[in-house]
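These are the residues of each chain, in order.
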Amino acid sequence: MHRYFWPSSGHNGDITTKGGLMLSSVGFARRLTAAITVTALVGCSTVTRLEGSTPGTTLAIKGMSRTDLPRTEDLASKATGQHEFMAATPDGKKLYGILPLHVNVPAIVLSILFFAPALLGGFRDTFPFYQVDPENGVIRYKDKEADQWKQYRPLEAEGARSKASFDALK
């Protein structure tokens, strides 16, 4: 057992190795740091399953090469910006747009409570499952494999911006 004296308060307290004030604060700080680190690392990217509604559909995501579907990608979270894409069927029908993203509320809450600059790492994540359908001009997404598909038709402005970004790469 260690005895400490705080002259300013006149308090003479015991701090033991089991549950003492200083040691429990250090332990709490370590546990909190570990929890925040794990949360930050988990929230940096999402493994996403990408598939096409038509066999032979290809998909290019800005910054990645165009490949056949289905495939799995590790897509980074976004604080700003989007994942622009171009999907094409074997017969040449194309769909340009942005992947719908969902807001990671726990990342925002932790960032606000503990470290606001952590929001720069991204708080908008991709969904775990996407299905592109250039024939019908839509992209479908869902959280769990057993869920029903939610459907999104890219806005004309989103498609134009995505097409312009891919055209600039040529």
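Residues numbered from 1 in each chain as written. Predicted model: local features only at pLDDT ≥ 70, side-chain atom pairs only at ≥ 80, totals over all residues. Heavy atoms only, no water.

What about unusual backbone geometry?
Part 1 of the reasoning: Going from Leu69 to Pro70, the amide bond is cis rather than trans, its omega being 5°.
Part 2 of the reasoning: Considering the arrangement of structural elements, one finds Pro70 in the loop between strand 5 (67–68) and strand 6 (71–76). (Helix = DSSP H or I, 4+ residues; strand = E, 2+ residues; numbered from the N terminus.)

A short note on the nonpolar core
Part 1 of the reasoning: Leu59, Ile61, Phe85, Leu99, Tyr130 and Val132 are the most contacted members of the largest nonpolar core, which totals 15 residues.
Part 2 of the reasoning: Within the residue set of this core, elements represented by two or more residues are strand 4 (58–61), strand 7 (84–88), strand 11 (129–133) and strand 12 (138–142).
Part 3 of the reasoning: Beyond its immediate stretch of four places on either side in the chain, Ile61 contacts Leu50, Arg71, Leu75, His83, Glu84, Phe85, Leu99 and Phe166. (Core = buried A, V, L, I, M, F, W, Y, C linked by side-chain atoms within 4.5 Å. Buried < 20%, exposed > 50% of the residue type's maximum accessible area, 1.4 Å probe, protein only. Contact = heavy atoms within 4.5 Å.)

Describing the pairing of strand 8 (residues 94–98)
Part 1 of the reasoning: The buried fraction of strand 8 amounts to four of the five residues, a majority that puts the element mostly inside the structure.
Part 2 of the reasoning: In this structure, the hairpin formed by strand 7 and strand 8 is closed by a connection of five residues, where Gly92 is found at a positive phi of approximately 95°. (Pairing = 2+ DSSP bridges.)

Some thoughts on helix 3 (residues 156–168)
Part 1 of the reasoning: Between its terminal C-alpha atoms helix 3 stretches 18 Å, which fits the 18 Å expected from 13 residues at 1.5 Å a residue.
Part 2 of the reasoning: Listing the buried residues of helix 3 in full gives Glu158, Gly159, Ser162, Ser165 and Phe166. In an axial view of helix 3, the angular spread of the buried residues amounts to 130°, which keeps them on one side of the axis. Away from its buried face, by an angle of more than 90 degrees, helix 3 presents the exposed residues Glu156, Ala157 and Ala168. (Expected span 1.5 Å × (residues − 1). Arc of directions from axis to C-beta.)

Details of the pattern of salt bridges
Part 1 of the reasoning: Counted according to the given criterion, the structure contains five salt bridges.
Part 2 of the reasoning: The partner of Lys62 in a salt bridge is Glu84, and the shortest N-O contact between them spans 3.7 Å. Of this pair, Lys62 sits in the loop between strand 4 and strand 5 while Glu84 is found in strand 7, placing the two residues 22 residues apart along the sequence.
Part 3 of the reasoning: Here Glu73 makes a salt bridge to Arg71, at a shortest N to O gap of 2.8 Å.
Part 4 of the reasoning: Linked by salt bridges that have partners in common, Lys62, Glu84 and Arg161 make up one network. (Salt bridge = Lys/Arg side-chain N within 4 Å of Asp/Glu carboxyl O.)

So, the pairing of strand 4
Part 1 of the reasoning: The alternating pattern of strand 4 places Thr58 and Ala60 on one face and Leu59 and Ile61 on the opposite face, and all of these are buried.
Part 2 of the reasoning: The antiparallel pairing of strand 4 with strand 5 creates a hairpin that spans five residues between the two strands, and Gly63 there sits at a positive phi of about 95°.
Part 3 of the reasoning: Both strand 4 and strand 7 contribute to a ladder of four bridges, which runs antiparallel. Within strand 7, the position partnered with Ile61 by the bridge is Phe85.

Details of the packing of aromatic side chains
Part 1 of the reasoning: Throughout the structure, instances matching the rule amount to three aromatic pairs.
Part 2 of the reasoning: With a centroid separation of 6.4 Å and 55° between ring planes, the pair formed by Tyr96 and Phe166 is classed as tilted. Of the two residues, Tyr96 sits in strand 8 while Phe166 sits in helix 3, which places them 70 residues apart along the sequence. Neither residue differs from the other here; Tyr96 and Phe166 are each classed as buried.
Part 3 of the reasoning: When the ring of Phe127 is compared with that of Tyr130, the centres are 6.2 Å apart and the planes differ by 80°; the resulting orientation is edge-to-face. (Phe/Tyr/Trp six-rings, centres within 6.5 Å; stacked < 30°, edge-to-face > 60°.)

Quick word on the side chain of Asp133
Part 1 of the reasoning: Tracing the chain through its elements places Asp133 in strand 11.
Part 2 of the reasoning: Judged by relative accessible area, Asp133 falls into the buried class, the value being 3%.
Part 3 of the reasoning: With residues near it in sequence (within four places) discarded, Asp133 still touches Ser53, Leu95, Val138 and Arg140.

A closer look at a nonpolar patch on the surface
Part 1 of the reasoning: Together, Val103, Val105 and Val109 make up an exposed nonpolar region whose accessible area comes to about 240 Å².
Part 2 of the reasoning: Here Val109 is to be found in helix 2 (residues 105–114).
Part 3 of the reasoning: For Val109, a relative accessible area of 41% corresponds to the partly exposed category. (Patch = residues over 30% accessible without salt bridge, like charges linked within 9 Å, V, L, I, M, F, W, Y side chains within 5 Å. Areas by Shrake-Rupley, 256 points an atom, 1.4 Å probe, with all protein chains shown as cover.)

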